[in-house]
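What follows is each chain in one-letter form.
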Amino acid sequence: NWAPQAKIKERVVEAGALQPLVGMLRDSDVAVRERATGTLANLLNDHSATVKAANEQTPEMISALVEMLTAPDLTEDARRQAAHALAMLAAEDGPCDEILAAGAGPPLLNMLREGVAEAALCIMNLSWRRTQVKDDLAQGDTLENLMKLLRGGDAMAKEYAAGALMNMTAGSEDLAVKTVPAVVPLTDMLRAESIQAAEWAAGALANILKAGPDAQKVAADAGAIPPLAALLSRVTVAGRTLVVLALAALANSQAPTVQKALTGNKERAKLREFQDSGNDELKDYINTLAEKLGSSFKL
């Protein structure tokens, strides 16, 4: 119960809790294993310092968690918690490689087929580094199952699936083409109450719309442009680039409609704010967007 609280996470780790918790993952008592898994998932959740400490202090944690994914005597909730813990570890370079080497791929893909949201989150974090990892994870029905989650999962499952598709399609035109059927459900997510879900949907669209004019027309017809313009006013710092890139991708073939959505004072003021934020890469993306909209568009 303490583990979800950020300040207490550090104290728990400093007190030496990680090693005994990892030992409990292989306890003969199923209830002990399940509770240890949940505690570790909470300790690792969105806390990079704990992830680093876990990797340094308990290198055996990864193999034990991977075993949990296929343990026949565990509840689905325990397997979800194990996948969530692995997802947090996968956000760091070293553990990411170790998770794949430990054989997490096949059981995670099986869990994805079952509609487990945490499997999509883990795939998201595993796939953002190297093209080969994306290609390996994309074998079989992975993309179809992520798109299935987008269409029929709960809010959390949709959010994680959008994030996974965003990372899977980054820098991969082939995977972008294969995921064009996700354009409409991703467009629906641009209005999600969760800003992270909306941002990840924008990021996925930014990649998938590189598939070409047909995909861009599908997005425009589904109404993607107005909510993307509206996101400029509520996006977090981390999501600014995702929204601008999605608008720029649409501007390749839908420039007049994008320009119309961005002509309001509020939208142009936000783009100017982003330009002046000190992020040179984002500034370049905004300049590219403006160029695609033509000389009549002025910030």
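Here, the structure is the one placed above.
Residues numbered from 1 in each chain as written. Predicted model: local features only at pLDDT ≥ 70, side-chain atom pairs only at ≥ 80, totals over all residues. Heavy atoms only, no water.

Participant: How should I be thinking about helix α1 (residues 6–14) in this particular structure?
Facilitator: What sets the pattern is the α-helix's 3.6 residues per turn: residues three or four places apart point alike. Taken together, the buried positions of α1 are occupied by K9, V12 and V13. Taken end-on, α1 shows its buried residues confined to a sector of 95°, consistent with a single buried face. Facing away from the buried surface of α1 by more than 90 degrees, the exposed residues are K7, R11 and E14. Those residues of α1 hidden inside the fold are in contact with α2 (18–24), α3 (30–44) and α4 (48–57). (Buried < 20%, exposed > 50% of the residue type's maximum accessible area, 1.4 Å probe, protein only. Helix = DSSP H or I, 4+ residues; strand = E, 2+ residues; numbered from the N terminus. Arc of directions from axis to C-beta. Contact = heavy atoms within 4.5 Å.)

Participant: Whenever I open this one, the layout of surface pockets confuses me. Can you help?
Facilitator: Gaps between atoms show up when a probe of the same size as a water molecule is rolled over them. Considering only enclosed or pocket space, the largest pocket measures out at about 540 Å³ in volume. When residues of the lining of the largest pocket are traced back to their parent elements, those giving at least two are α4, α6 (76–90), α9 (117–127), α12 (155–169) and α15 (195–208). Grouping the amino acids of the lining of the largest pocket by side-chain chemistry returns 14 nonpolar, seven polar and five charged. (1 Å grid on protein atoms, 1.4 Å probe; cavity = no way out; pocket = protein on both sides within 12 Å on 5 of 7 lines; lining within 4 Å. Points joined across faces, edges and corners; volume = space filled by probe spheres on them. Nonpolar A, V, L, I, M, F, W, Y, C, P; charged D, E, K, R; others polar.)

Participant: Could you clarify how one ought to interpret empty space enclosed by the protein in this entry?
Facilitator: Taken as a whole and assessed by the stated rule, the structure comprises one cavity of 30 Å³ or more. Considered as a void within the structure, the largest cavity measures approximately 30 Å³ in volume. Looking at the largest cavity, the residues that line it are A54, N55, T58, P59, M61, I62 and L89. Contributing elements (two or more residues each) for the lining of the largest cavity: α4 and α5 (61–70).

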